[in-house]
Amino acid sequence: QVQLVESGGGLVQPGGSLRLSCAASGSISSIKAMGWYRQAPGIERELVAAITSGGNTNYTDSVKGRFAISREKVKNTVYLQMNSLKPEDTAVYYCYAVRTDYVRYWGQGTQVTVSS
């Protein structure tokens, strides 16, 4: 009932920036939170950032001060601005949405690679 399409990944040098986008469609009125998880080989999946329907945000400690999540309501889209990128940020980033009944939906994933 909720479809997520994400984009914005790519290859950047250390210290560079990327902005990820996640556009939601379907039963968007039922979404209570959206954000990104990331998965790298040999590393546990971790929640990177989240934003609630009320605009509250949370970040994992390793990205605080470097990443910012925001929402554009008219486009039903959330963004993850990633600055001062480090090689350890390299991962596949998966957008997610959680409904008020706790059903979870996932985007297709986008690769972020930070390398010189």
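Here's a quick rundown of the structure. Only a predicted model underlies this, so the values are computations on that prediction, with no experimental measurement involved.

Some points on the pairing of strand S9 (residues 91–99)
Then, in step 1: Most of S9 sits out of view: seven of its nine residues are buried.
Then, in step 2: As judged from the eight bridges shared by strand S4 (residues 31–39) and S9, these two strands associate in the antiparallel manner. Paired with Tyr37 across the two strands is Tyr94, which belongs to S9.
Then, in step 3: Pairing of S9 with strand S11 (residues 110–114) involves three bridges; the strand directions are antiparallel. Note on S11: the bridge partner recorded for Tyr93 is Thr110.
Then, in step 4: Pairing of S9 with strand S10 (residues 104–106), which is carried by three bridges, proceeds in the antiparallel orientation. When the sheet's bridge partners are listed, Ala97 is paired in S10 with Tyr105.
Then, in step 5: Linking S9 to S10, which pair antiparallel, is a turn of four residues; within it Tyr102 sits at a positive phi near 75°.

Quick notes on the packing of aromatic side chains
Then, in step 1: Under the counting rule described, the total for this entry stands at three aromatic pairs.
Then, in step 2: Ring geometry for Tyr96 against Trp106: centres 6.2 Å apart, planes inclined by 50°, an arrangement best described as tilted. Of the two residues, Tyr96 sits in strand S9 while Trp106 sits in strand S10, which places them ten residues apart along the sequence.
Then, in step 3: Residue class for Tyr96 comes out buried when judged on its relative accessible area of 5%.
Then, in step 4: A relative accessible area of 38% places Trp106 in the partly exposed class.
Then, in step 5: Cluster of aromatic residues (ring-pair linked, three or more members): Tyr37, Tyr96 and Trp106.

Digging into the pattern of salt bridges
Then, in step 1: For the coordinates displayed, the defined rule picks out five salt bridges.
Then, in step 2: Salt-bridge contacts for Asp61 lead to Lys64; the nearest nitrogen and oxygen are separated by 3.0 Å.
Then, in step 3: Given the relative accessible area of 48%, Lys64 is considered partly exposed.
Then, in step 4: One salt bridge connects Arg99 with Asp101, and the closest N-O pair in it is separated by 2.6 Å.
Then, in step 5: Each of Arg38, Glu46, Arg66 and Asp89 takes part in one network of salt bridges that share partners.

Notes on the state of the cysteines
Simply put, disulfide is the name for a covalent bond between the sulfur atoms of two cysteines.
Then, in step 1: According to the stated counting rule, one finds one disulfide in the structure shown.
Then, in step 2: Cys22 shares a disulfide with Cys95; S-S distance 1.9 Å. Every disulfide takes its handedness from the sign of the S-S torsion; for Cys22 and Cys95 that torsion is -85°, giving left-handed. Residue Cys22 is found in strand S3 (residues 18–26), and its partner Cys95 is found in strand S9; the two are separated by 73 residues along the sequence. There is no split in this pair, since Cys22 and Cys95 are both buried.

Here is what the cut-offs are and how they apply
- Residues numbered from 1 in each chain as written.
- Predicted model: local features only at pLDDT ≥ 70, side-chain atom pairs only at ≥ 80, totals over all residues.
- Heavy atoms only, no water.
- Buried < 20%, exposed > 50% of the residue type's maximum accessible area, 1.4 Å probe, protein only.
- Helix = DSSP H or I, 4+ residues; strand = E, 2+ residues; numbered from the N terminus.
- Pairing = 2+ DSSP bridges.
- Phe/Tyr/Trp six-rings, centres within 6.5 Å; stacked < 30°, edge-to-face > 60°.
- Salt bridge = Lys/Arg side-chain N within 4 Å of Asp/Glu carboxyl O.
- Disulfide = S-S within 2.5 Å.

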